[in-house]
Amino acid sequence: PRSDCIAAEQLCLSDFTCNATYRILEHCALAKTRFLPLDHDSRVRCLNAELDLGNSSLLHCRCHRRMKRQEHCLRIFWTVHSSMTDGYFNLETSPYENPANEEHWKTDYNKLAALLSGKDCSQLARDTTNPCLKATHVCNLSKKCVRLRTDYASICTKGAGSEDMCDRRKCHRGLRNFFEKVPEDFTKRILFCPCQDELCGERRRKTIVPDCSFQYNIKPNCLWLLDSCLEDHICKSRLADFQQNCQPADTSPDGCSQHNHAACLQAYMGMIGTPMTPNYISNSSVDVSLWCTCESSGNQKEKCDQILGMF
């Protein structure tokens, strides 16, 4: 069975051979983080160290989305798997263990998908209340939901739209806190509330306070967003999770290679509060995107378009 990476690291550090190999990998990962070029011998040493771990629990460890010391756990994972990102932005493996309550997500998803696509509007036709407003009222019934929602809203609106820039980093942390710590029954209602009019759509679009968490005054290049993400252990991990669980497939009847909409929705939610935060792009549709552009991408235009089209 896969262990969590913090427990696996402790086991490794207590073994002389594993400890020495792990220290080499730490050096390799640090060089990558600081964009220090490794010579041929160093690259070979790094790859050999990863192979030397063999069947070590470190090589197969994973992290949990809601665990304490999550950043430390993810740092260990990327130390052991640092060669995976070498010049290749499609991250192959998610560092996250699949959630135990996946079945609960699957059941919920069918209802949610039907509402979003407008296939089941009978309930909405009877209820003229703004569904996104209703979702907020449901959140207000939970002390934790209303407290953490108020927390990120107050951080993200401070300075937004004025000459003083809001603190985007703090805003992102507040959003991640909300989506990680509040039960999914509440967070999904707020983020995926089904809308039939622009007033509702606008409220849904503003759920994550886009002036601070999503939009910059000038749209940055998508390659810059990706670079910011790969430098951050949490963002890189969420991106790997999103790529693993939300890969499209033209040949598949449901459009998804994994056929697991529940895991994809959860991975999408995980991207909110990272440098690559997605959001609804208008009040009248459920289309989502990153806030970036591919103008002036030079010979990396194709890669840039791939990033922009991800969501």
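For the structure, check the block above.
Source: prediction; values computed, not measured.

Q: So what exactly am I meant to see when it comes to unusual backbone geometry here?
A: What is expected of a backbone is that most residues other than glycine have negative phi and most peptide bonds are trans. Located in the positive-phi region is Val209, a residue other than glycine, with phi close to 50°. Mapped onto the elements of the fold, Val209 is located in the loop between α11 (198–205) and α12 (210–213). Not every positive phi belongs to a glycine, and Ser296 is a case in point at roughly 55°. Assignment of secondary structure puts Ser296 in the loop between β2 (288–289) and α16 (301–308). Accessibility expressed as a relative area gives 78% for Ser296, which makes it exposed.

Q: I tried to follow the environment of Val286 on my own but got confused; where do I start?
A: By the secondary structure assignment, Val286 is in the loop between β1 (279–280) and β2. Taking relative accessible area as the criterion, Val286 reaches 42% and is therefore assigned partly exposed.

Q: Honestly, the state of the cysteines in this entry has me stumped. Any pointers?
A: Here is the idea: a disulfide is a covalent bond, and it sits between the sulfur atoms of two cysteines. The final tally for this structure, using the stated rule, is 13 disulfides. Residue pairing for Cys166: its cysteine sulfur links by disulfide to Cys212, the two sulfurs lying 2.0 Å apart. Between Cys166 and Cys212, the disulfide has an S-S torsion of 105° and is therefore right-handed. Placement of Cys166 in the loop between α8 (143–157) and α9 (168–181) and of Cys212 in helix α12 is noted, with a sequence separation of 46 residues between them. The class of Cys166 is buried, set by a relative accessible area of 9%.

Basis of the calculations
- Residues numbered from 1 in each chain as written.
- Predicted model: local features only at pLDDT ≥ 70, side-chain atom pairs only at ≥ 80, totals over all residues.
- Heavy atoms only, no water.
- Helix = DSSP H or I, 4+ residues; strand = E, 2+ residues; numbered from the N terminus.
- Buried < 20%, exposed > 50% of the residue type's maximum accessible area, 1.4 Å probe, protein only.
- Disulfide = S-S within 2.5 Å.

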